[in-house]
Amino acid sequence: MSAGPPVGRVVATEALPAGPHQFHFWTATDTTLGIGAIIRVDAADRSVYGVVVDGSAYSDLASPLHDVIAAEGDPAGAGAPTRRTEIRLWTAAVLRQEPEEPVQPVPLADVFAATEADVEMALRIDGYARSEPPTALPVGAYRAAGLRAPVSLDADFLLGPESAHLNISGVSGLATKTSAVQFLLGSIFQHFPEHKGTVAAVCFNVKGPDLCFLDQPADLSHEDLELHRAIGVEAKPFERVSYYAPFKPDGVNLNTLRSHPDLLGSVRPLVWGLREVLAFHEVLLNRDDIDAKADALLDFLTDRVVEKEFRDDWGNTHEVKSFADLDQLFRSIFNGLEQTGRGDSWRTHHVATIRKVRNRLLNISTRCKGLVTDDGTVSDLPFGEFEDRAIYVIDIAGMDQLGQDLVFTRVVSTLRERLERQDLGVDHVIVFVDELNKYAPADGPDTYVRKMLLDISERGRYLGLVLFSAQQFRSQVHRRVVGNAGTTVYGRMDMDELATPGYQVLSPATKIKLATLPKGELMVRHPHFTQPVFVRFPRPAMLNGPEGLKRFPPSADVPFEEAIVRQLAAMDRRASPSRIKDVIAGRREEDVRRALLVTRRVRPDDAVAYFTAALGPVVRSQEIDSTRPATTPLRSVEDPYES
Amino acid sequence: MREALLEAGGALAAGTSRSRLHLPPANPFATARQVEASSTRIIPVEPAEPLDSAAFLDGIQRYSIEGWIGLVPVVRGYAAAAVLQRKAAELKPRAVEREEFLAVELDRLEPKARDALESAGLALHDVGPSDERRHPILDIHRAAQVVERRRELAERAVCSSFLREQPDSWLIVDGSIADYAESPDRAHRLVGLVKSHETQFLEGPDLQAALTLPAGHRTTVFARGAGKRATVFTWYLRLWPWEEHDLLHGLVRVERKPGDAAVEEATQVSRWILAERAPLTAPDGRWDRLVYPIQQVETYLRAQEVEA
């Protein structure tokens, strides 16, 4: 069982006893062990696996004053000819005992550096890596004392149903949170066991170009390739990645940093209309605005009006599918009330409430311009047709907080509904969201987004909806959201953060190690690991944001006409710019945008021909008979909410 | 009082209160023959100069009274000695001897009792004949002397063992080397470091010079009175200032086997020993005279003793 000579020996005194959960051992001063190293204690009838959580060194110097006297007060004086006897005393936390019962104090026996098999035993990986069928998902490599051993997580505990969710904390730029998630997603896609069904990921790119180049290969060093091999994850970028981004307010340039001409064709617009947005009015409307009366009107509109044939009280039939249709309905109501003089309410809703709701709703398309359109055109994620091992990146980095909240809420809610109905297209969806402290803060108002995240974290695992989240400061995130993450990962941490109560269980040495972790090294807590374990992961095989920007610099925004040409050309290389310009010449911009959206959604072989057909024939303007009476202007209507 | 002492040309002591009388030494006086000078002179030896490669020898002993057979005490003894060699400031064991035994006055035991003790699995060492008249304290004292002799034997054994392997290595022994009967070719780098001064070899101005040596100084070399023991060359060396302590504070006596080299190398050897003031062996009560490597040999032997 012993792969090498002992590296230490367990010691116990009355003041420092060996317990069933913690023990102490000493090593030579030039040992290769350190904080986080896994060790094995071998006694005749018992093996104990532990992880080093603390260490100290001291000599037989009884008082610092003795050193001063010996040096005659001169630190620079001649050194002592004999080095004082020194001890390296380590504290280890027990990971596993074999046999597990009866639970007993650690025997006072020899200590060995862990072998690869020991690491597997210590972390209980043998239970799921060697089960039939196996459910192990490589997360990185344990490295200590010259050993490199793969460490895996249990799919049943990472993606449900036993437990689920992953949360990663660490300071920006040094903790490599995004890289860790990318690597883990790659590992999941390569190792997720078939018997557990299908899996896809939805990633929200909330800052810069972080997730904009997941399909582009990175140049990896020999060391990174070696580490990939050792861990058992093939070094390749994601094969199936779909990008979604809303438009900028101009309605034609996509609001993403993945706008290089070579990549722009692979980004699909994210455009929603009234139907998509109305159900999430709570996200968009200020709580102060939405009193019980306004809420009742909104419910009425959602249940009885939108997407239905609705007959108002004046004989007009409305089919409200867009904000424009909704505005038409409101105008009709106001007109009807004015003309019939029926007082100040319509179907129990006070006219002031109607005006307020109208104003707030119609304002949404202005506030979320680029994402929400007035005209009902929609370009959405392929809910119902999600593919196995595919990543759907939604780039909301360029949006304001309100727009980000809306996108996040609607996408996650729809995923949840679809998973409940089992018609998403896959059995499991991993939702990755960075800056979790923004969406589920520990303090502040109880927002719709936070409530939804709580719901996912507490019930998502039964549905296959798994939250991978990241933030700088775990202490600033709602406790129940992070607390429900079965797997917790820490990169380089801030010392102030480590001083918060959430880290009290960590030893001071472990905290110091966390505060100085190099890039690519993480501390992992997982239900099977009784103690946190440090692992190293390679640089992911896909381009990171800054590299991607260097290789694929984003294009500057272009005028409307040029943007249409580029986007059609990106879909169909044969498209002639002059032909496209001819087609859109003199056409209304909203018509052109609508035709472009439809073309992008269908992605036909001949994009220009399809676009031309979608645009329809030119409708020539006609002279209107000037003798025809004009519409009688309305009497003054006070609208305190009109902006 | 202190001012008066200084005014009288005296030196201050520590002024430590004592309530018990010291027992007088068994052999308080012996003779000396000046070797390096006609009378004792004081020679400065600073600066200290560390000796990297050197070995250190020490021994330990203990005993316990396990019982009596009649009035004969049965003493269980343990004696051990070791040499630790220093290289690159690290001490490593090079020779170790240890023995656990019974010390009994065998003549006074019935054969049956003797057989029973032999079956205990420990070596039996005879305390030797004594007066007919019994005295329990003296009987135990005689048994303890056997333990001490076994320790001395162990020390000489490890010395021989080490010098056989490394005759050119400096070996610093805790205590006198007078009884180390090594051949001159092996003992030429043997150094004894004596911490106790029960026997005084000098007298008059020579003694005055020796006992008031300033720190970092040595006396000239003299030959120690032989008696039953072999002659050795020796000199006093002051490691720490004695003022405000007592006359023997920080005072060691260095021994070498007789020869010209002992005199020629006295200053150099003194410098090496002076360098051994660091690390300090405090809080050991003998810290002013006990050098760290010797203390480490003792610590090593005590640790071994626990495991024995």
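Residues numbered from 1 in each chain as written. Chains lettered and ligands numbered in written order. Predicted model: local features only at pLDDT ≥ 70, side-chain atom pairs only at ≥ 80, totals over all residues. Heavy atoms only, no water.

## Side note on the overall build of chain A
Here is step 1: Looking only at helices and strands, one finds 23 helices and 22 strands in chain A.
Here is step 2: When the backbone C-alpha atoms are referred to their principal axes, chain A occupies close to 115 × 60 × 60 Å.
Here is step 3: Each of the 643 residues in chain A was classed as buried or not, and the buried ones make up 52%.
Here is step 4: Nonlocal contacts in chain A, meaning residues at least 24 apart in sequence, comprise 74% of its contacts between residues at least 6 apart.
Here is step 5: Considering chain A, the positive charge centre built from 73 side chains and the negative charge centre built from 89 side chains are found 3 Å apart. (Helix = DSSP H or I, 4+ residues; strand = E, 2+ residues; numbered from the N terminus. Buried < 20%, exposed > 50% of the residue type's maximum accessible area, 1.4 Å probe, protein only. Contact = heavy atoms within 4.5 Å. Lys, Arg positive; Asp, Glu negative; His and termini not counted. Charge placed at Lys NZ, Arg CZ, Asp CG, Glu CD.)

## Things to note about the overall build of chain B
Here is step 1: Looking only at helices and strands, chain B features eight helices and twelve strands.
Here is step 2: For chain B, whose C-alpha radius of gyration is 22 Å, the value lies close to the compact-globule estimate of 19 Å for 308 residues.
Here is step 3: Of all 308 residues assigned to chain B, the portion counted as buried reaches 47%.
Here is step 4: Here the contacts in chain B between residues at least 6 apart in sequence split such that 63% fall between residues at least 24 apart. (Rg over C-alpha atoms; globule rule 2.2 N^0.38 Å.)

## Quick notes on the nonpolar core
Residue and element names in this part refer to chain A.
Here is step 1: Judged by nonpolar contacts, the single largest core of 86 residues is most densely connected at Phe23, Phe25, Ile188, Ile391 and Phe468.
Here is step 2: Element by element, the count of residues in this core is highest for helix H5 (residues 177–191), at seven residues.
Here is step 3: Every residue in contact with Phe468, bar those within four places of it in the chain, is listed here: Leu158, Leu159, Leu166, Val181, Leu184, Leu185, Ile188, Ile430, Val431, Phe432 and Val433.
Here is step 4: Of all hydrophobic cores here, the second largest spans 75 residues; its members include Phe280, Leu297, Ala440 and Leu467. (Core = buried A, V, L, I, M, F, W, Y, C linked by side-chain atoms within 4.5 Å.)

## A closer look at the pattern of salt bridges
Here is step 1: Per the stated rule, a full pass over the model turns up 71 salt bridges over all chains.
Here is step 2: Here the salt bridges do not stand alone but share partners, grouping Arg416(A), Glu420(A), Asp455(A), Glu458(A), Arg459(A) and Arg480(A) into one network. (Salt bridge = Lys/Arg side-chain N within 4 Å of Asp/Glu carboxyl O.)

## Concerning the layout of surface pockets
Over the atoms a probe the size of a water molecule is rolled, and this reveals where empty space is left.
Here is step 1: Computed from the structure, the second largest pocket encloses a volume of approximately 1,300 Å³.
Here is step 2: Lining the second largest pocket we find 27 residues, and of these Trp26(A), Thr85(A), Glu86(A), Gln296(B) and Tyr300(B) sit closest to its centre.
Here is step 3: Residue assignment for the lining of the second largest pocket shows that the elements contributing at least two residues are strand E1 (8–11), strand E2 (22–27), strand E4 (47–59) and strand E5 (86–98) of chain A together with strand E5 (90–104) and helix H8 (292–307) of chain B.
Here is step 4: The leading source of residues in the lining of the second largest pocket is H8(B), at seven residues.
Here is step 5: Here the residues of the lining of the second largest pocket are counted per class, giving ten nonpolar, seven polar and ten charged. (1 Å grid on protein atoms, 1.4 Å probe; cavity = no way out; pocket = protein on both sides within 12 Å on 5 of 7 lines; lining within 4 Å. Points joined across faces, edges and corners; volume = space filled by probe spheres on them. Nonpolar A, V, L, I, M, F, W, Y, C, P; charged D, E, K, R; others polar.)

## Observations concerning a nonpolar patch on the surface
Here is step 1: Taken together, Leu65(A), Val68(A) and Ile69(A) make up a surface patch of nonpolar side chains, about 250 Å² in accessible area.
Here is step 2: With respect to the helices and strands, Val68(A) occurs in helix H1 (residues 64–70). (Patch = residues over 30% accessible without salt bridge, like charges linked within 9 Å, V, L, I, M, F, W, Y side chains within 5 Å. Areas by Shrake-Rupley, 256 points an atom, 1.4 Å probe, with all protein chains shown as cover.)

## Details of the packing of aromatic side chains
Residue and element names in this part refer to chain A.
Here is step 1: Under the criterion given, the structure shown has 16 aromatic pairs over all chains.
Here is step 2: Arranged with centres 6.2 Å apart and planes meeting at 15°, the rings of Phe213 and Phe552 form a pair that is stacked. Pair noted here: Phe213 is in the loop between strand E10 (199–205) and helix H6 (222–231) and Phe552 is in the loop between helix H19 (545–551) and helix H20 (560–571), with a separation of 339 residues, a long-range link. As far as the burial class goes, Phe213 and Phe552 line up, both buried.
Here is step 3: Ring geometry for Phe383 versus Phe386: centroids 5.9 Å apart, planes at 10°, classification stacked. Pair check on accessibility: Phe383 and Phe386 agree, each one buried.
Here is step 4: The structure contains a cluster of three or more aromatic residues connected by ring pairs, namely Phe204, Phe408 and Tyr439.
Here is step 5: Its end group placed over the ring of Phe334, Arg355 keeps NZ or CZ at 4.1 Å from the ring centre. (Phe/Tyr/Trp six-rings, centres within 6.5 Å; stacked < 30°, edge-to-face > 60°. Lys NZ or Arg CZ within 6 Å of the ring centre and 35° of its normal.)

## Section: the interface of chain A and chain B
Here is step 1: Facing the 14 residues of chain A at the interface are 20 residues of chain B.
Here is step 2: The junction of chain A with chain B conceals about 1,500 Å² of combined surface from both sides, 56% of it contributed by carbon and sulfur atoms.
Here is step 3: Taken as a group, Pro81(A), Thr82(A) and Arg83(A) account for 40% of the area that chain A buries against chain B, more than any other trio of residues on that side.
Here is step 4: At the junction of chain A with chain B, the criterion picks out two salt bridges.
Here is step 5: Across the pair Glu72(A) and Arg277(B) runs a salt bridge, and its minimum N-O distance is 3.0 Å.
Here is step 6: Counting every contact that joins chain A to chain B gives ten residue pairs in polar contact (both at pLDDT 80 or more).
Here is step 7: Broken down by class, the residue content of the side of chain A that touches chain B amounts to five nonpolar, four polar and five charged. (Buried area = accessible area lost by both parts, 1.4 Å probe. Polar contact = N/O pair within 3.5 Å; in protein donor to acceptor, adjacent residues only side chain to side chain.)

## A short note on empty space enclosed by the protein
All names here are of chain A.
Here is step 1: Evaluated as defined, the whole model comprises eight cavities of 30 Å³ or more.
Here is step 2: Of the voids in this model, the largest cavity is the one considered here, and its volume is about 110 Å³.
Here is step 3: If you go around the largest cavity, the residues you meet are Val252, Asn253, Leu254, Ser259, Leu264, Ser555, Ala556, Asp557, Val558, Ala563, Arg566 and Gln567.
Here is step 4: The element that contributes the greatest number of residues to the lining of the largest cavity is H20, accounting for three residues.
Here is step 5: Counted by class, the lining of the largest cavity contains six nonpolar, four polar and two charged residues.

## Concerning the sheet that holds E5(A)
Here is step 1: Taken in spatial order, the six strands of this closed barrel run E1-E2-E5-E4-E3-E6 (chain A), and their pairing is antiparallel. Strand-to-strand twist across the sheet, computed as the mean angle between neighbouring axes with direction ignored, equals 45°. (Pairing = 2+ DSSP bridges. Axes fitted to C-alpha atoms, helices over the stretch in contact; angles between N-to-C directions.)

## Let's talk about the side chain of Asp395(A)
All names here are of chain A.
Here is step 1: Locating Asp395 in the fold gives a position in strand E17 (residues 391–395).
Here is step 2: Look at Asp395: it is buried, it has no salt bridge, and the nearest opposite charge is Arg258 at 8.2 Å.
Here is step 3: Among the polar contacts listed, one links the side chain of Asp395 to the side chain of Asn205, at a separation of 3.0 Å.
Here is step 4: Looking at Asp395, its side chain comes within polar contact range of the side chain of Thr256, at 2.5 Å.

## Some remarks on the packing of helix H13 (residues 401–421) of chain A against helix H15 (residues 448–463) of chain A
Residues and elements named next belong to chain A.
Here is step 1: Where H13 contacts H15, the axes come no closer than 11 Å and their chain directions differ by 25°. Looking at the two axes, H13 sits roughly parallel to H15. Crossing geometry of H13 relative to H15 is assigned as left-handed. Contacts between H13 and H15 involve Asp405, Phe408, Thr409, Val412, Ser413, Arg416, Leu419 and Glu420 on the former and, on the latter, Tyr448, Val449, Met452, Leu453, Asp455, Ile456 and Leu463.
Here is step 2: Broken down by class, the residue content of the contact of H13 with H15 amounts to nine nonpolar, two polar and four charged. (Parallel < 35°, antiparallel > 145°, perpendicular 65-115°, else oblique. Left-handed = near helix turned anticlockwise from the far one by under 90°.)

## Remarks on the pairing of E5(B)
Residues and elements named next belong to chain B.
Here is step 1: Pairing of strand E4 (residues 72–87) with E5, which is carried by 13 bridges, proceeds in the antiparallel orientation. Each bridged residue has a counterpart across the sheet, and for Val75 the counterpart in E5 is Ala103.
Here is step 2: When E5 meets strand E6 (residues 123–126), the two strands line up parallel, connected through four bridges. From the neighbouring strand, Phe101 faces E6, where its bridge partner is Ala123.

## Overview of the pairing of strand E9 (residues 166–169) of chain A
Residues and elements named next belong to chain A.
Here is step 1: Covered by surrounding structure in E9 are Leu166 and Ile168 together with Asn167 and Ser169, the residues of both alternating faces.
Here is step 2: Direction of pairing for E9 relative to strand E20 (residues 487–490): parallel, over a ladder of four bridges. Looking at E20, one finds that Ile168 is bridged to Val489.
Here is step 3: Relative to strand E19 (residues 465–471), E9 runs parallel, the two sharing four bridges. Considered in E19, the bridge of Ser169 is made with Gln471.

## Let's talk about the confidence of the model for chain B
Here is step 1: Summing up the model confidence of chain B, the mean pLDDT is 92 and the portion of residues at 70 or higher is 99%.
Here is step 2: Overall fold confidence for the complex sits at a pTM of 0.81, while the interface term, ipTM, reaches 0.84. (pLDDT = per-residue confidence, 0-100.)

## A closer look at unusual backbone geometry
Here is step 1: Put simply, Glu98(A) and Pro99(A) share a cis peptide bond, and its omega is 5°.
Here is step 2: Mapping Pro99(A) onto the fold places it in the loop between E5 and strand E6 (110–113).
Here is step 3: In this chain, Glu46(B) is followed by Pro47(B) through a cis amide linkage whose omega measures 0°.
Here is step 4: Along the polypeptide, Pro47(B) turns up in the loop between strand E2 (42–44) and strand E3 (54–69).
Here is step 5: One non-glycine residue, Thr348(A), lies in the positive phi region at around 75°.
Here is step 6: At Arg389(A), a residue that is not glycine, the phi angle is positive and equals roughly 60°.
Here is step 7: Residue placement: Arg389(A) occurs in the loop between helix H12 (351–367) and E17.

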